[in-house]
Amino acid sequence: MTNPVVLDGALAAWYVAIAEFARGQGGIFRTIGNDHFQVVSRALIADLNGVFVKGPRSNYDLVAAAAQSQVDFGFPWSIQVRENSPSPQLIDLAAAHGLSRRTKRPLMIAPVDQPAWPLEQVRDLRLRVANSDDRDAYLAALCSGFSAPPEVMAIFGSVFNLRGATVYVVENSSRVVATGLVMLVCGWATIYNVATIPDFRRRGLATSLLRRILRDAYEAGAHHAVLQSSEAGLRLYEANGFKVAERWSIFAKDK
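All values reported here derive from a predicted model rather than from experimental measurement.

Put simply, side chains in a regular strand alternate between the two faces of the sheet. Judged from the 9 bridges that link them, strand β5 (residues 101-111) and strand β11 (residues 243-252) form a sheet pairing that is antiparallel. Its bridge partner lying in β11, I109 is registered against K243. As defined by bridge partners, β5 adjoins strand β10 (residues 224-228) across 5 bridges and the pair is classed as antiparallel. Along β10, the bridge assignment pairs A110 with A225.

Attention now goes to the sheet that holds strand β6 (residues 126-129). Strand order across the open sheet formed by 11 strands is β1-β2-β3-β4-β11-β5-β10-β9-β8-β7-β6, with mixed pairing between neighbours. Of all strands in the sheet, those bounded by a partner on one side alone are β1 (28-32) and β6. Each adjacent strand pair in this sheet contributes to an overall mean axis angle of 20°, direction not counted. Summarising the sheet, strand β8 (residues 176-185) and strand β9 (residues 188-196) pair through 7 bridges and their orientation is antiparallel. Residue pairing across strands places V182 opposite I191, the latter belonging to β9. The sheet strands contacting helix α1 (residues 4-24) are β1, β2 (36-40), β3 (49-53), β5, β8, β9, β10 and β11, and the helix crosses β9 at an angle near 65°. Helix α2 (residues 60-70) rests against β1, β2, β3 and β4 (78-81) of the sheet, and its axis sits at about 10° to β2.

For helix α4 (residues 135-146), spanning 12 residues, the distance from its first C-alpha to its last is 16 Å, which sits close to the expected 16 Å at 1.5 Å a residue. Turning to α4, its buried residues are Y138, L139, A141, L142, C143 and G145. Residues of α4 that are buried make contact with α5 (150-153), β7 (165-171), β8 and β9.

Turning our attention to the nonpolar core. Among the nonpolar cores identified, the biggest contains 73 residues, and Y138, F156, V159, V167, V170, I191 and F242 are the most heavily contacted of them. Considering every element that reaches this core, the biggest residue donor is α1, with 11 residues. Not counting the four nearest positions on each side in its chain, Y138 is found in contact with F156, V159, F160, V167, V169, T179, L181 and N193. The next biggest cluster of nonpolar side chains, apart from the first, holds 15 residues, and it includes A64, L90, A94 and F251.

Criteria and thresholds
- Residues numbered from 1 in each chain as written.
- Predicted model: local features only at pLDDT ≥ 70, side-chain atom pairs only at ≥ 80, totals over all residues.
- Heavy atoms only, no water.
- Pairing = 2+ DSSP bridges.
- Helix = DSSP H or I, 4+ residues; strand = E, 2+ residues; numbered from the N terminus.
- Axes fitted to C-alpha atoms, helices over the stretch in contact; angles between N-to-C directions.
- Contact = heavy atoms within 4.5 Å.
- Expected span 1.5 Å × (residues − 1).
- Buried < 20%, exposed > 50% of the residue type's maximum accessible area, 1.4 Å probe, protein only.
- Core = buried A, V, L, I, M, F, W, Y, C linked by side-chain atoms within 4.5 Å.

Below, the structure is given as structure tokens:
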């Protein structure tokens, strides 16, 4: 079981980073009650807009009121709660808004306490910190890595301007083949968008990216790292010191 103090720190950092991203797009991050948030990041990705619950239990009335207004913004959206088994009432509310696809998303935490995190060698490739000149190549790699169209991933071109954000890329002589993003918040490294394009998978690139991110985070003063994983990504992150703290329930429309 994750130490409650550590978990509270992870949640605080996670939502500060989400707020920073949303506001960086000219969007909205609004607190409803003490631990419910309405997020409008303007992304064409449901996971980045919606009604998010930071507390251990969702308040139906607060979620219902925010969900009603969320529809008016016109972006894909979701309801995200920390409960592994949400109430039937909440499930019905999500369904009433067409959010019938329910997934479990692991929240994973790792201590960042090694002064020289072991790095994997990236043979014949270069792993480095990216800058705004790499924006187009970075976005192309995201599109390929996540099998997403350019209009969906375009919003991540703004991350080069976000406070505390660092983009990492692995490249060969002609293109970016793997990427990762970290935002340093309150002593935490919040990690996103670790992706490898199909032709370069199963070569250890994600491991190399992750270990570089963690090493740099340690050197920048971070004490823990947090991320959300797909079920397919669990083995990668577990092999690099992450443990599942919770599995969140996320409601969105069927693709």
